[in-house]
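# Chains, contacts and geometry: an overview
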Amino acid sequence: MNEQEKINAALKAVSFVKPGQVVGLGTGSTAYFAIQEIGKMVREGLEIRAIPTSEATRQLAEKWNIPLTDINDISTIDVTIDGADEFNSRLQLIKGGGGALLREKIVASITGTQVIIADASKQVEKLGAFRVPIEVIPFAANVVTRKLSALNGEASLRAKNDSTYITDQGNNILDVDFGLIDDPAALAKALDHITGIVEHGLFIDLADYVIVGKGDQVEIIAAKN
Ligand SMILES: O=C[C@H](O)[C@H](O)[C@H](O)COP(=O)(O)O
């Protein structure tokens, strides 16, 4: 994990933001730098409306006086800048380490240009060293845990400060070890069909670009369509 790589990726990503756009604001320690930079651009006169992907990001955006809008009042988001926990060469992602995957995926699903920013440690050949975060309704946590073991997934209920972790939607997170994942798209489809899962952290065909900081360089990787 390299802070300067995160900063460099974030500074590159904000060049995707243009005046008048609706902008999705991601969550996490990498998105933090992009939000801060967008805040400075707003202070210098950039006019945008933004949609935060978590309550933490909402607070950060408010601190920077970034104008916010309600996702229910718009039909598309022009560009979203967000982080990731892992990405592979097909720009498939694991997200949700910070618990924000549900709003992040909703935002990504209506975003025209999804820009992921990361330091070099996030780039992997196969996804899965980072456990897949899965948001579940509390009522179903054990039901889903048992169904996941049928998919060779070992689930742990996320905790924070000795209590069960609660998402912005009042749900829980299972962090699931599937080992290294041979076919993330197939696993994502299987997870889509488990009742009780609200959403999972496998992001398939959602990233248009990954901007990765590598030392003092920045690499922009575009999705192959
Ligand atoms: O739930 C959190 C998000 O998916 C984050 O974008 C992801 O965990 C990466 O966070 P960070 O940039 O702090 O590594």
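A quick note: this is a predicted structure, and the numbers were derived from the prediction, not measured. (Residues numbered from 1 in each chain as written. Predicted model: local features only at pLDDT ≥ 70, side-chain atom pairs only at ≥ 80, totals over all residues.)

### Let's talk about the overall build of the protein chain
Stated formally: Put simply, DSSP marks the helices as runs of H or I at least four residues long and the strands as runs of E at least two long, and each gets a number from the N terminus on. Our radius of gyration is a C-alpha quantity, and the globule rule it is checked against amounts to 2.2 Å times the number of residues to the power 0.38. Working definition of burial: number of other C-beta atoms within 10 Å of the residue's own, with buried at 20 or more, exposed at 12 or fewer, and partly exposed in between, all C-beta atoms being placed from the backbone.
A count of helical and extended segments in the protein chain gives 6 helices and 15 strands. By the compact-globule yardstick of 17 Å for 225 residues, the protein chain fits well, its C-alpha radius of gyration being 17 Å. Projected onto the principal axes, the alpha-carbon positions of the protein chain cover approximately 55 × 35 × 35 Å. Scored against the burial criterion, the 225 residues of the protein chain give a buried share of 45%.

### Topic: the UniProt feature "active site" (unreviewed entry) in the protein chain
Selection rule: UniProt positions are given in the numbering used here, feature names are shortened, and annotations may be inferred rather than shown by experiment. Whether two residues are in contact is decided by their C-beta atoms, placed from the backbone, lying within 7 Å.
Per the UniProt entry, the sites bearing "active site" (unreviewed entry) are Glu104 in this numbering. Once you skip the residues sitting within four places of it in the chain, Glu104 turns out to touch Gly26, Thr27, Thr53, Asp82 and Lys95.

### Quick look at the pairing of strand β7 (residues 132–136)
Heads up, the condition is: A pair of strands is considered paired only if DSSP assigns at least 2 bridges between the two.
Of all 5 residues that make up β7, 5 are buried, and the element is covered over most of its length. Of the two faces of β7, the one carrying Val132, Ile134 and Val136 and the one carrying Pro133 and Glu135 are both buried. In this structure, β7 lies alongside strand β11 (residues 172–177), joined through 5 bridges in antiparallel fashion. If you follow Val132 over to β11, its bridge partner there is Val176.

### Notes on the packing of helix α2 (residues 31–43) against helix α3 (residues 55–63)
Note the threshold: Lines are fitted to the C-alpha atoms to define the axes, a helix being fitted only along its stretch in contact, and any angle between axes, read from their N-to-C directions, falls within 0 to 180 degrees. Just so you know how the angles are binned, under 35 degrees is roughly parallel, over 145 roughly antiparallel, 65 to 115 roughly perpendicular, and the rest oblique. Here a crossing is taken to be left-handed if its near helix is turned anticlockwise relative to the far helix by less than a right angle, and right-handed if that turn runs clockwise.
Running from N to C, α2 and α3 cross one another at 25°; their axes reach a closest spacing of 9 Å. Comparing the axis directions of α2 and α3 gives the class roughly parallel. Here the hand of the crossing between α2 and α3 comes out right-handed. Packed against α2, whose contacting residues are Ala31, Tyr32 and Ile35, the element α3 presents Thr57, Leu60 and Ala61 at the interface.

### Regarding the confidence of the model for the protein chain
To be explicit about the condition: Per-residue confidence from the prediction method is given by pLDDT, with values spanning 0 to 100.
On average, the protein chain scores 97 in pLDDT, and the residues at 70 or more come to 99%. For this predicted complex, the interface score ipTM comes out at 0.98, while the overall pTM is 0.97.

### Some remarks on the domain arrangement of the protein chain
Interface size is commonly expressed as the accessible surface area that is lost when the partners come together. The test is simple: What counts as a domain boundary in this text is fixed by an automatic or database domain assignment.
Domain annotation of the protein chain identifies domain 1 (3–123 + 204–216) and domain 2 (132–199). For domain 1 and domain 2, the distance between their C-alpha centroids amounts to 24 Å. A per-element tally of the side of domain 1 that touches domain 2 places helix α4 (residues 101–109) first, with 4 residues.

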